[in-house]
Amino acid sequence: MQYKVVTMKNFLLSLLLCICVSNQSYAQLISKIDSLIKTEFSDPNGPGGVFLVSKKGKIVYEKAFGKANIELDVNMAPDNVFQIGSMTKQFTAVAILILEAQGKLNINDPVSKYMPDYPAGNSITIHHLLTHTSGIKDFTKMKSLSEIAQKEMSPEAMVNFFKNEPVDFRPGEKFDYNNSGYVVLGYLIERVSGEKYDDFIQKNIFEKAGMDHSYYASDRKIIKNRAYGYHQKSDGYVNKTVINFSVPFASGSLMSTVEDMVKWHNALNKNLILDAIHTKKAFTKYRLNSGEPFTYGYGWHLKDIGGISIREHGGSIFGFKSMGVYIPDEDLYVIGLSNCDCHSPTQVVKDIAKVALNDLKK
């Protein structure tokens, strides 16, 4: 009996030691992450950001920095809603795959099947649009963009804005990041589904993933916990430049929170939104006409760093920047959202991912 008592005491002491070591390691991780973030987000009275780390779908770090609204002196909070810019593309890509899974389109279909009057539409496929290999002109590089930036544009009008521009290269010849391709994809989603893009995303993605604080962006709609966007000038911060969200459309007009973005990845991993076969297409590395591989799937950059596969994507739109890194083998996700385009979370998020990958393995 005495032997059992001693064993139980030893067990409890060992358990307590493990808990202490675990808590100490966790505290060290928090400190390291805080230090990394404060190298870029150091002004407590200026615009800031929110950062989150999740492991196996569970949040292990979540913290807000700076102000969500400078004029009203409102501190940033973890549940603030940000414009996520080009991270929108992963939702657009998955929406296309949902339609393929429903048998309503095929990613190898030519654009002309759905838009008969699209120039060179017979040679440009949905796959080319998804992978930024279409060669069509990126509207963000057009000088005339300023003429429509604040206008309400229908998806068709937006496509017409750039579709007759000379192509930069033949489809499939090279990878060149392209916002126009994702605007065309948004228009295709509407034509094929018979629904507005934002309604399709809301019903088929946000609701299924439980993303209750994600939206198609609007400057007029009342959005609870909205973080306001800023620029930094030589004499201080100013409110963001206004753009009509119908212009970036399916290439960059969604809003979300860090916790909703975790729900998004969890839903993809559990095939709550899309079956495994079609989900895999989003995370497959493809090749150019020459056979040369490139590191972009459908809506994500797919990289390999030190033998570790990584999915990542950032976003930038007036007043906001975003970055997310996901490491599939460890089910580790790091995201940073900023409400000033003067603060990029890109390198910070990558550095946090490296630290978390190392420390959370211990």
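These remarks concern the structure in this document. (Residues numbered from 1 in each chain as written. Predicted model: local features only at pLDDT ≥ 70, side-chain atom pairs only at ≥ 80, totals over all residues. Heavy atoms only, no water.)

## Considering the state of the cysteines
Applied cut-off: Here, the term disulfide refers to a pair of cysteine sulfur atoms separated by no more than 2.5 Å. Per-residue accessibility, obtained with a 1.4 Å probe over protein chains only, is compared with the maximum for each type, and a residue is labelled buried under 20%, exposed over 50%, and partly exposed between these values.
Scanning the entire structure with this criterion turns up 1 disulfide. The side chain of Cys340 participates in a disulfide bridge whose partner is Cys342; the two sulfur atoms lie 2.1 Å from each other. The sign of the S-S torsion, about 125°, decides the handedness of the disulfide formed by Cys340 and Cys342: right-handed. Judged by its relative accessible area of 0%, Cys340 is buried.

## Remarks on the pattern of salt bridges
Short version of the rule: For this document, the term salt bridge refers to a Lys or Arg side-chain nitrogen within 4 Å of an Asp or Glu carboxyl oxygen. Each helix is a run of H or I in the DSSP string that is no shorter than four residues. Each strand is a run of E no shorter than two, and both are numbered from the N terminus.
If you walk through the whole model with that rule in mind, you get 13 salt bridges. For Asp117, the salt bridge identified is with Lys163, shortest N-O distance 3.0 Å. You can see Asp117 sitting in the loop between α2 (88–101) and α3 (126–130) and its partner Lys163 sitting in the loop between α4 (155–162) and α5 (179–193), a full 46 residues away along the chain. Salt bridges here are not isolated pairs; linked through shared partners, they connect Lys303, Glu312 and Lys350.

## Description of the nonpolar core
Test applied: For this analysis, a nonpolar core means a set of buried residues of the types Ala, Val, Leu, Ile, Met, Phe, Trp, Tyr and Cys, connected via side-chain atoms within 4.5 Å. For this analysis, residues touch if any pair of their heavy atoms sits within 4.5 Å.
Counting residues in each nonpolar core, the largest one holds 85 residues, and the members touching the most others are Phe91, Phe162 and Trp264. When neighbours within four sequence positions are excluded, Trp264 is seen to be in contact with Gln90, Phe91, Val94, Ile205, Met211, Ile273 and Trp300.

## Remarks on the sheet that holds strand β12 (residues 320–327)
Worth spelling out the cut-off: Here, a strand pair is defined by DSSP locating no fewer than two bridges between the strands. Note on definitions: angles span 0 to 180 degrees between N-to-C directions of axes, and those axes are lines fitted to C-alpha atoms, for helices only across the stretch in contact.
Read from one edge of the open sheet, 6 strands run β2-β1-β13-β12-β11-β10, paired in antiparallel fashion. Here the strands that pair on one side only, and so sit at the sheet edges, are β2 (58–65) and β10 (301–305). Within this sheet the neighbouring strands show an average axis-to-axis angle of 15°, counted without direction. The sheet contact formed by strand β11 (residues 308–317) and β12 spans 7 bridges and is antiparallel. Bridge pairing in β12 places Glu312 opposite Val325.

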